Amino acid sequence: QFKRNVRRSINFLVLSSRKKAILLDRYVSLVETYAKTRIRYTNAYNSTRSIIAVLNILTPAFVSIMPLFEDSNVMYTNTFYWITFTTTIVSGLTNAFERLFKLDKKYFSTSRAYLLLETEGWHYFTLTGKYGEKTTDGQEPTHDSDDECLQTRCKQ
């Protein structure tokens, strides 16, 4: 969908075919790569956080009802004992996995980079933001004036 929208927008721009090809080849592929990475980290982050949240709620619940089902002679054969033990281990391992691979940081950084790339492209296509400023000689901005932009004010 993004590629289709950008392709349609680029076709309406007054640009050389070389610049259009560069936008399609570089910009769109970069944004699509970040989108795929973002989806992967979003799914991993949300999955691990959900598992941890559910298990952290269930573990104390199982601990509180375990005495109702426990027989002091057969403590280690009690099903609730092993369920509680398992939920604690799985919760701890999932939390360690999330921290080891820094899924939270990767999720936030890839989401931010993706949104910044997308925003930057739309600013360029619509000549807004830093691309919408008048040139040094007072002329209205165009997509062809981006070469001057790169040499002067966009380096800031």
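Everything numeric in this text was worked out from a predicted model, so none of it was measured.

## Focus: the overall build of the protein chain
- Secondary structure assignment for the protein chain yields five helices and zero strands.
- The proportion of buried residues among the 156 residues of the protein chain is 30%.
- Of the contacts formed within the protein chain by residues at least 6 apart in sequence, a portion of 60% connects residues at least 24 apart.
- As displayed, the protein chain offers around 10,700 Å² of accessible surface, 59% of which is attributable to carbon and sulfur atoms.

## Quick word on unusual backbone geometry
- Here the phi dihedral of Lys-102 falls at roughly 50 degrees; this positive angle occurs in a residue that is not glycine.
- Note on placement: Lys-102 falls in the loop between helix H3 (79–100) and helix H4 (103–126).
- Not every positive phi belongs to a glycine, and Leu-127 is a case in point at roughly 55 degrees.
- Note that Leu-127 resides in the loop between H4 and helix H5 (146–151).
- A residue is classified by how much of its surface remains accessible, and Leu-127, at 22% relative accessible area, is partly exposed.

## Quick look at the pattern of salt bridges
- With the rule as written, the count across this model stands at two salt bridges.
- A salt bridge links Glu-98 to Arg-49, with the nearest nitrogen and oxygen atoms 2.9 Å apart. Taken together, the positions of Glu-98 in helix H3 and Arg-49 in helix H2 (residues 17–69) put the pair 49 residues apart, joining distant regions of the chain.
- Here Glu-98 falls in the buried class, since its relative accessible area comes to 5%.
- Classification of Arg-49 by relative accessible area gives partly exposed; the value is 34%.
- Here Lys-130 ties to Glu-120 by a salt bridge, and the two come within 3.2 Å at their closest N and O atoms.

## Some points on H3
- Compared with the 32 Å implied by 1.5 Å per residue over 22 residues, the 31 Å span of H3 between its first and last C-alpha is a close match.
- Backbone geometry just downstream of H3 places Lys-102 in the positive-phi region, at approximately 50 degrees.

## Side note on H4
- A rise of 1.5 Å per residue sets the reference length of H4, with its 24 residues, at 34 Å; its end C-alpha atoms lie 34 Å apart and thus fit the reference within 8%.
- Within H4 the residues assigned to the buried category are Leu-103, Tyr-107, Thr-110, Ser-111, Tyr-114, Glu-118, Gly-121, Tyr-124 and Phe-125.
- Two residues or fewer after H4 comes Leu-127, characterised by a positive phi angle close to 55 degrees.

## Looking at the packing of aromatic side chains
- The full count for this structure, using the stated rule, is twelve aromatic pairs.
- Between the aromatic rings of Phe-2 and Tyr-27, the centroid separation amounts to 6.1 Å while the plane-to-plane angle is 55 degrees, which identifies the pairing as tilted. Within this pair, whereas Phe-2 is found in helix H1 (residues 2–12), its partner Tyr-27 is found in helix H2, the two being separated by 25 residues in sequence.
- Take Phe-2: its relative accessible area is 15%, and that puts it in the buried class.
- An aromatic cluster is present here, built from Phe-2, Tyr-27, Trp-122, Tyr-124, Phe-125 and Tyr-131 joined pairwise through their rings.

## As for the confidence of the model for the protein chain
- Residues at a pLDDT of 70 or more form 87% of the protein chain, whose mean pLDDT is 86.
- When pLDDT is averaged over each element of the protein chain, H4 comes out on top at 95 and H5 at the bottom at 52.

## Comments concerning the environment of Ala-113
- In this structure, Ala-113 sits in helix H4.
- On the basis of relative accessible area, Ala-113 is assigned to the partly exposed category, the value being 22%.
- Taking C-alpha positions, Ala-113 is 9.1 Å from Arg-38, a pair spaced 75 residues apart along the chain.

Definitions and cut-offs
- Residues numbered from 1 in each chain as written.
- Predicted model: local features only at pLDDT ≥ 70, side-chain atom pairs only at ≥ 80, totals over all residues.
- Heavy atoms only, no water.
- Helix = DSSP H or I, 4+ residues; strand = E, 2+ residues; numbered from the N terminus.
- Buried < 20%, exposed > 50% of the residue type's maximum accessible area, 1.4 Å probe, protein only.
- Contact = heavy atoms within 4.5 Å.
- Areas by Shrake-Rupley, 256 points an atom, 1.4 Å probe, with all protein chains shown as cover.
- Salt bridge = Lys/Arg side-chain N within 4 Å of Asp/Glu carboxyl O.
- Expected span 1.5 Å × (residues − 1).
- Phe/Tyr/Trp six-rings, centres within 6.5 Å; stacked < 30°, edge-to-face > 60°.
- pLDDT = per-residue confidence, 0-100.

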